[in-house]
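Structural characterization, general
Chain residues, written in single-letter form:
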Amino acid sequence: VNGHPERENHAVGGVARLATAVNEIRENKRKEGEPLLLFDVGDFLGGAPFAWLAVDGRASELTIMQEMRYDAVTIGNHEYDYGPDALARYLLQAGYPDAHQKTLVLASNTEAPATGPLGAEGLFRKTSVFVLGNGLKVGVFGLIGKEAILMMGATEGMRFLDQHETARQMIEELKGQGADVIVALSHCGLAEDRELARKVLGIDIILGGHCHTTLFEPVLLGSTIVAQAGHFGEYLGQLELAYNRGTGQVRLRNLESRHPFLIPIDSSFTCDGDIDSLVQQCTLDLNAYTKEVTSGEYDDVMSTVARSDFVLSNLPPLSETALGNFVTDAMRFVAQEFTGRRVD
């Protein structure tokens, strides 16, 4: 996406560029004989128009992440945008529960009703332990936070347990499985991550999301490393870590290796051919869906549907904005035209 024309390098994000960046790091680590884990902290569904395909039961994003060999992802609030039943169809379409062998889906403080599709056995897991090539055991669990839960729509009988109590239980369980290092994939936001690090002992690394914070350096709270990599794929987070078997301590070594904590995903990375082909196929599917739902009026999701000769700002975030009002008025007028009644 050429999202920032004011920048010298105005391309931002894109999973095909991201795949190239990941593969370069993988190759470097292979040569150095160092293991690597790739994680995502939620909201992989939602945001981009590709998420519309989830309504048709197509799992575009997670299928691509499997091809990119993500080791684990956690579930954020936007995975519930179309409801728990739609999320269950999405996970089934992506091959779960068998697909955990490719990319684990973790949701440790989430309970789905046994009578609903999302309650099916094994669609998401509570914990996992990765045994690395050097023998190190990395235990991982996933949390969704209080603020993220408040942003959901109808959750149809879902229960979201206290994240601190859940974290303590997951740490105990993972330690019982021999985990040396404990990683929390958190869709809680930075404020809740800080609170988690202060109140729950035993988490070595919290990889966070939800609040879209760009931390150019991780935060160290006690012995817990808290990191976030922004949003929309603008950066790839890179933590280089060392583990002391004598003390059980984990430390950052990015400064020693002179490798940045965040890597900008821009046009300095070419598009990975295999992943780009998957994106192009998803785009064709999305265009077909767009044509269907607009009764043939538009057959390209990038078509211009409206134009303004003045700036409609969407800033500052989470506030009343000109663009927000414009979109709301458009929805209101169409609903009024459809119903024949005044719509507020």
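This text follows the structure it describes.
About the criteria used
Residues numbered from 1 in each chain as written. Predicted model: local features only at pLDDT ≥ 70, side-chain atom pairs only at ≥ 80, totals over all residues. Heavy atoms only, no water. Helix = DSSP H or I, 4+ residues; strand = E, 2+ residues; numbered from the N terminus. Buried < 20%, exposed > 50% of the residue type's maximum accessible area, 1.4 Å probe, protein only. Contact = heavy atoms within 4.5 Å. Areas by Shrake-Rupley, 256 points an atom, 1.4 Å probe, with all protein chains shown as cover. Lys, Arg positive; Asp, Glu negative; His and termini not counted. Charge placed at Lys NZ, Arg CZ, Asp CG, Glu CD. Patch = residues over 30% accessible without salt bridge, like charges linked within 9 Å, V, L, I, M, F, W, Y side chains within 5 Å. Salt bridge = Lys/Arg side-chain N within 4 Å of Asp/Glu carboxyl O. Axes fitted to C-alpha atoms, helices over the stretch in contact; angles between N-to-C directions. Parallel < 35°, antiparallel > 145°, perpendicular 65-115°, else oblique. Nonpolar A, V, L, I, M, F, W, Y, C, P; charged D, E, K, R; others polar. Disulfide = S-S within 2.5 Å. Pairing = 2+ DSSP bridges.

**Concerning the overall build of the chain**
The helix and strand tally for the chain stands at nine helices and 15 strands. Over its C-alpha atoms, taken along the principal directions, the chain stretches across nearly 70 × 50 × 35 Å. Every one of the 344 residues in the chain was classed for burial, and the buried ones make up 44%. Restricting the contact set of the chain to residue pairs at least 6 apart, pairs at least 24 apart contribute 65%. Accessible surface, the chain: about 18,600 Å² in total, of which carbon and sulfur atoms supply 52%. In the chain, the 29 positive side-chain charges and the 47 negative ones have mean positions that sit 5 Å from each other.

**Side note on a nonpolar patch on the surface**
Residues Leu 323, Phe 326, Val 327 and Met 331 make up a contiguous nonpolar surface patch of roughly 360 Å² in combined accessible area. Structurally, Val 327 can be placed in helix α9 (residues 322-339).

**So, the environment of Glu 234**
Its location among the elements puts Glu 234 in the loop between β11 (224-228) and β12 (235-237). A C-alpha to C-alpha distance of 12 Å links Glu 234 and Phe 269, two positions 35 residues apart in sequence.

**Description of the packing of helix α2 (residues 60-67) against helix α8 (residues 273-293)**
Helix packing for two helices is described by the angle between their axes and how far apart those axes are. For the pair α2 and α8, interaxial distance at closest approach is 10 Å and the crossing angle is 170°. With respect to α8, the axis of α2 lies roughly antiparallel. Packed against α2, whose contacting residues are Ser 60, Ile 64 and Glu 67, the element α8 presents Ile 275, Leu 278, Val 279 and Cys 282 at the interface. Grouping the constituent residues of the contact of α2 with α8 by class yields five nonpolar, one polar and one charged.

**Regarding the state of the cysteines**
Tallying each qualifying case throughout the model produces zero disulfides. As a non-bridged cysteine, Cys 188 has Cys 211 as the owner of its nearest cysteine sulfur, 9.8 Å distant. On the basis of relative accessible area, Cys 188 is assigned to the buried category, the value being 4%.

**Observations regarding the sheet that holds strand β6 (residues 137-144)**
Read from one edge to the other, the open sheet built from six strands follows the order β5-β6-β8-β9-β11-β10, with strand pairing classed as mixed. For this open sheet the edge positions go to β5 (127-131) and β10 (219-221), each flanked by a neighbour on one side alone. Looking at each pair of strands side by side, their axes are set apart by 25° on average, direction ignored. The sheet contact formed by strand β8 (residues 181-187) and strand β9 (residues 205-208) spans four bridges and is parallel. When the sheet's bridge partners are listed, Ala 184 is paired in β9 with Ile 206. Sitting on the sheet, helix α5 (residues 163-176) is in contact with β5, β6 and β8, with an inclination near 160° to β6. The sheet contacts of helix α6 (residues 190-199) involve β6, β8, β9, β10 and β11, and relative to β11 the element is tilted by about 170°.

**Focus on the pairing of β6**
Among the eight residues of β6, seven are classified as buried, and the element is accordingly described as predominantly covered. Taking the residues between adjacent antiparallel strands as the criterion, β5 and β6 are bridged by five residues, where Gly 135 takes a positive phi near 90°. By the bridge criterion, seven bridges tie β6 to β8 in an arrangement that is parallel. Note on β8: the bridge partner recorded for Leu 143 is Ser 186.

Coordinates in, geometry out; function isn't part of it.
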